Amino acid sequence: LNIDKAADSTAWLYYSDDPVRGTVTYTLTISHEGTSTADAYDLTVTDTIPDELTYVAGSITASSGCTADDSSAPTLTWTCASLAQANSATLTYKA
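The rules behind these values
- Residues numbered from 1 in each chain as written.
- Predicted model: local features only at pLDDT ≥ 70, side-chain atom pairs only at ≥ 80, totals over all residues.
- Heavy atoms only, no water.
- Helix = DSSP H or I, 4+ residues; strand = E, 2+ residues; numbered from the N terminus.
- Buried < 20%, exposed > 50% of the residue type's maximum accessible area, 1.4 Å probe, protein only.
- Contact = heavy atoms within 4.5 Å.
- Areas by Shrake-Rupley, 256 points an atom, 1.4 Å probe, with all protein chains shown as cover.
- Disulfide = S-S within 2.5 Å.

Here we come to the overall build of the protein chain. Counting its regular elements, the protein chain contains zero helices and seven strands. Relative to its 95 residues, the protein chain shows a buried fraction of 29%. Taking as baseline every contact in the protein chain between residues at least 6 positions apart, the subset at least 24 positions apart corresponds to 66%. When the accessible area of the protein chain is evaluated, it comes to approximately 5,700 Å², of which 48% is carbon and sulfur surface.

So, on to the state of the cysteines. As enumerated under the stated definition, the model contains one disulfide in all. The disulfide partner of cysteine 66 is cysteine 80, and the gap between their sulfur atoms is 2.1 Å. Its S-S torsion of about 105° marks the bond between cysteine 66 and cysteine 80 as right-handed, since a negative value means left-handed. Of this pair, cysteine 66 sits in strand S5 (residues 66-69) while cysteine 80 sits in strand S6 (residues 75-83), and the two are 14 residues apart along the sequence. Of the two residues examined, cysteine 66 and cysteine 80, each falls in the buried class.

And the structure:
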């Protein structure tokens, strides 16, 4: 399994006091490589929002088959029951 994390903007570095221009969407992509010999089960992914940012309540999302939990924000958690070979899951949030 591979996890890639990307941000759609770095504007928050310059506009941290502006809730519109200072908002960034993070996307985490879990990829299950086709070279694996079996599906992956019971996946848990956590991501902690940096101190410089504030989580946008309710912005957490997850691909079908995964659930998102922001009840412990700034630490966010996603769980996926399974991820088949050569597939991926996308997890997002705004801060």
